[in-house]
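One letter stands for each residue in the lines below.
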Amino acid sequence: MSRRVRATLIGLASLLLCLTGIPAVAATSTATALTASTYSTNGADTCLNCHADPDVLGIFRTAHARPDDPRGPFGHGGLQCEACHGPGGLHARRMGLQRGGIVDFGPKATASVERQNQMCLTCHQSDAATQWATSAHAASDVACADCHRLHQSDDPVRELATQVDVCGKCHVAERAALFKPSRHPLRDGTMDCTSCHSPHGSSGPASLVADTVNDTCTSCHAEFRGPVLWEHQPVTENCDNCHSPHGTVQPALLKERPPFLCQQCHEAAGHPSAPQTPTGLPGRMPSPYLLVGGCVNCHSQVHGSNDPSGQYLMR
Ligand code: HEC
Ligand code: HEC
Ligand code: HEC
Ligand code: HEC
Ligand code: HEC
Ligand code: HEC
Ligand code: HEC
Ligand code: HEC
Ligand code: HEC
Ligand code: HEC
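Residues numbered from 1 in each chain as written. Chains lettered and ligands numbered in written order. Predicted model: local features only at pLDDT ≥ 70, side-chain atom pairs only at ≥ 80, totals over all residues. Heavy atoms only, no water.

1. Examining the site of ligand 7
So, point 1. Neighbouring ligand 7 are 16 residues; Ser182, His184, Cys217, Cys220 and His221 lie closest to it.
So, point 2. One of the side-chain N or O atoms of His184 is found 2.8 Å from a nitrogen atom in ligand 7.
So, point 3. The residue inventory of the shell around ligand 7, partitioned by class, reads nine nonpolar, seven polar and no charged.
So, point 4. The residue makeup of the shell around ligand 7 includes at least three contributed by each of domain 2 (156–218) and domain 3 (226–297). (Near = heavy atom within 4 Å. Polar contact = N/O pair within 3.5 Å; in protein donor to acceptor, adjacent residues only side chain to side chain. Nonpolar A, V, L, I, M, F, W, Y, C, P; charged D, E, K, R; others polar. Domains from an automatic or database assignment.)

2. Considering unusual backbone geometry
So, point 1. Look at the link from Gly226 to Pro227: it is a cis peptide, with omega at 0 degrees.
So, point 2. For Pro227, the position within the fold is in the loop between helix H12 (213–218) and helix H13 (233–237).
So, point 3. Looking along the chain, the bond that leaves Pro258 and enters Pro259 is cis, with omega of 5 degrees.
So, point 4. With respect to the helices and strands, the residue Pro259 is situated in the loop between H13 and helix H14 (260–263).
So, point 5. The phi torsion at Asp141 lies on the positive side, around 60 degrees, for a residue other than glycine.
So, point 6. With respect to the helices and strands, Asp141 occurs in the loop between helix H8 (136–139) and helix H9 (144–147).
So, point 7. Positive phi outside glycine occurs at Leu253, with the angle close to 55 degrees.
So, point 8. Relative to the assigned elements, Leu253 resides in the loop between H13 and H14. (Helix = DSSP H or I, 4+ residues; strand = E, 2+ residues; numbered from the N terminus.)

3. Here we look at the site of ligand 5
So, point 1. Residues in contact with ligand 5 amount to 15 residues; listed here are only the nearest, His137, Cys167, Cys170, His171 and Ser207.
So, point 2. Side-chain polar atom of His137 to a nitrogen atom of ligand 5: 2.8 Å apart, as the coordinates give it.
So, point 3. In the environment of ligand 5, an oxygen atom lies 3.1 Å from a nitrogen or oxygen atom belonging to the side chain of Ser207.
So, point 4. A per-element tally of the shell around ligand 5 places helix H10 (residues 163–170) first, with three residues.
So, point 5. Of the residues contributing to the shell around ligand 5, the split by class is nine nonpolar, five polar and one charged.

4. Some thoughts on the coordination of the iron atom of ligand 3
So, point 1. Distances from the iron atom of ligand 3 to its protein donors, namely His148 (NE2) and His200 (NE2), fall within the range 2.0 Å.
So, point 2. Every donor counted, the six donor atoms about the iron atom of ligand 3 form angles of 85 to 179 degrees at the centre, which fits octahedral coordination. Remark: His200 occurs in the loop between helix H11 (172–177) and H12 and His148 occurs in the loop between H9 and H10; sequence separation between them is 52 residues. (Donors = N, O, S within 2.8 Å, 3.2 Å for Na, K, Ca; no water. Tetrahedral: all angles 85-135°; square planar, octahedral: opposite > 155°, others 65-115°.)

5. Considering the coordination of the iron atom of ligand 6
So, point 1. Within the first shell, the iron atom of ligand 6 binds the protein through His197 (NE2) and His246 (NE2), at distances of 2.0 Å.
So, point 2. Residue His246 is classed as partly exposed on the basis of its relative accessible area, which comes to 30%. (Buried < 20%, exposed > 50% of the residue type's maximum accessible area, 1.4 Å probe, protein only.)

6. A word on H10
So, point 1. Residues of H10 that are buried: Gln163, Val164, Val166 and Gly168.
So, point 2. Packed against the buried residues of H10 are H9 and H11. (Contact = heavy atoms within 4.5 Å.)

7. Brief notes about the environment of Val249
So, point 1. Take Val249: it is sitting in the loop between H13 and H14.
So, point 2. Taking relative accessible area as the criterion, Val249 reaches 57% and is therefore assigned exposed.
So, point 3. Each C-alpha atom, one on Val249 and one on Arg183, is 8.9 Å from the other, the two residues being 66 residues apart in sequence.
So, point 4. Sequence-distant contacts of Val249, defined by excluding residues within four places in its chain, comprise Lys180 and Pro181.

8. Concerning the pattern of salt bridges
Opposite charge on two side chains makes pairing possible when the charged atoms of those side chains draw close.
So, point 1. According to the stated counting rule, one finds three salt bridges in the structure shown.
So, point 2. Here Asp69 and Arg71 are joined by a salt bridge, their closest N and O atoms 2.9 Å apart.
So, point 3. A relative accessible area of 11% means that Asp69 is categorised as buried.
So, point 4. The salt bridge partner of Asp155 is Arg158, with a shortest N-O separation of 3.6 Å.
So, point 5. Taking the relative accessible area as the measure of exposure, Asp155 reaches 6% and is therefore buried. (Salt bridge = Lys/Arg side-chain N within 4 Å of Asp/Glu carboxyl O.)

Dropping the structure here:
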């Protein structure tokens, strides 16, 4: 019997029953196994009749499959597979040929991102979702399952050694920067993207773990937290004025090399070091300052000074 014919018959049956005064719900209950919102009769056992391949069975080695966790899909009375995949009664009856109410995940998913994430957020409102709703990832329709793998015991996005590859699939520029000569030790497995970012969103800029760039940086580089006696204004303002956190071709993650870095803000003219700049007069004897090299050879306390006479950031 085709689906449409059957649906029409059900419609007719309930109409008749309504007319005779018997509640339609009771009459249709034998037929509801055919709607997209019906759960399978035997939970995971139903699904595993057809899906018992190793990739799927991996879920039984994860936190989600704990039978003694009442909050989890496999806790007593839980919907098991269907807690995430939605009602699969119709799908199972139709030998999987029809998606029915099934929610699928991953790059080839037919379910909308909103629908996929809803499944997860029914349980993860409190932890993952505190900042999620306002995060850049949510705003750009990124799915939980774009980052998370749930059918394997080690979720690559939560492992130090593999996270960069997961994030780098989409953030190609940031990943590429990690191969520049100066970089944070992300490829050595000492740090990862979440050392600085909260992928579920945060109250800071660029989903940083702290409220400002400087608070993020100084959570590790505490020596530059300040306050200092002689501040260098761009440093207290934003480490980003001079550094690029993902990687640079200049040493010390600098956006530019001194003197060019410094001369974006400071005039070369009228300063003892002026002759070392490219505008130095041709034919003139090289200035001793040229030999001294960059600005930081003299102004070594570029991040600020605590020395009573450190106003020029030289000691
Ligand atoms: C009678 C066999 C059968 C049963 C029972 C069954 N499925 Fe399926 N399922 C299939 C087939 C066939 C496909 C289509 C596979 C494809 O398109 O490559 C499928 C596809 C899926 C997909 C999409 C997979 C993908 O590659 O995107 C999910 C998710 C899924 N089933 C979950 C379930 C769940 C959950 C249950 C239990 C409620 C279930 N299935 C019960 C046969 C079955
Ligand atoms: C029925 C409720 C439920 C649903 C639905 C659910 N989860 Fe969970 N999830 C849990 C519970 C319970 C834990 C274990 C938490 C703990 O141990 O503190 C968990 C743990 C996790 C963890 C951490 C795993 C670990 O090893 O500690 C991640 C990541 C996660 N869930 C993501 C997801 C995503 C993504 C989805 C949607 C595809 C999802 N969850 C759907 C209840 C659920
Ligand atoms: C951009 C990638 C990304 C997306 C998208 C994402 N997560 Fe996560 N999630 C992570 C990372 C990375 C961790 C590990 C956190 C850490 O190391 O600080 C994590 C951790 C978790 C945990 C473990 C508990 C915790 O807070 O540490 C849960 C639960 C979780 N995510 C659920 C979700 C849910 C639900 C969604 C969708 C609403 C989601 N995640 C979307 C990357 C992501
Ligand atoms: C906590 C949520 C959750 C539970 C519970 C869950 N799945 Fe999944 N399932 C997912 C997500 C997310 C994916 C996408 C791939 C991944 O994360 O590994 C997926 C992928 C799949 C796929 C497609 C696999 C592929 O890569 O071709 C099938 C089939 C499937 N699940 C069946 C099941 C069955 C059967 C059960 C119960 C034994 C189950 N799932 C339990 C979240 C879940
Ligand atoms: C499926 C693709 C995808 C994956 C995987 C992904 N992202 Fe994103 N991410 C995006 C999109 C899309 C945006 C929003 C547009 C943009 O800024 O490029 C974004 C934005 C961001 C932003 C800017 C946030 C803001 O508030 O401005 C950060 C930081 C970020 N992602 C970090 C991560 C980290 C860390 C991971 C891995 C844990 C990750 N992303 C994984 C797609 C992805
Ligand atoms: C040492 C800290 C740190 C680490 C580690 C880090 N980031 Fe960032 N990231 C930042 C800061 C600070 C910003 C904001 C300022 C900026 O754009 O330079 C930022 C900005 C971003 C942005 C937004 C860029 C834009 O143009 O809006 C994305 C996307 C991003 N990071 C992704 C990643 C990814 C992916 C990783 C891991 C490969 C990563 N970050 C590792 C500190 C870090
Ligand atoms: C999670 C800790 C952590 C955070 C957060 C962090 N760093 Fe680092 N940083 C490190 C480590 C570890 C190194 C490598 C030190 C080494 O190799 O001795 C490093 C090295 C550096 C270097 C020297 C690089 C070189 O090539 O010599 C600079 C500059 C730097 N960080 C700036 C920043 C800035 C700017 C921020 C904020 C956007 C930041 N860091 C946030 C841990 C961190
Ligand atoms: C005005 C430009 C400027 C700003 C702003 C700045 N730095 Fe630097 N930073 C430098 C220069 C120049 C070097 C290289 C110093 C050298 O070669 O002796 C450096 C080196 C570093 C180093 C590695 C060498 C060391 O001394 O350990 C770290 C770590 C660092 N900066 C962190 C930070 C942090 C954290 C901030 C924000 C609080 C910040 N910087 C802001 C110019 C700056
Ligand atoms: C983003 C702009 C910017 C950059 C880049 C920058 N500075 Fe500064 N610098 C300032 C500002 C603003 C002041 C405060 C000027 C004032 O108080 O009159 C300052 C003050 C100073 C002072 C103290 C001057 C005084 O009169 O107290 C020195 C020395 C100095 N900078 C050296 C450097 C060096 C060396 C570099 C490169 C490593 C550098 N600056 C990079 C903006 C910058
Ligand atoms: C050979 C050491 C030396 C080098 C190299 C040097 N300076 Fe200075 N700088 C000084 C001394 C000494 C002063 C103290 C005031 C003075 O004598 O003019 C000073 C003062 C300053 C001042 C504050 C006074 C003013 O003129 O505004 C700034 C800003 C400054 N230097 C920036 C730089 C920058 C930028 C560079 C690199 C292009 C640099 N310095 C290279 C020695 C040096």
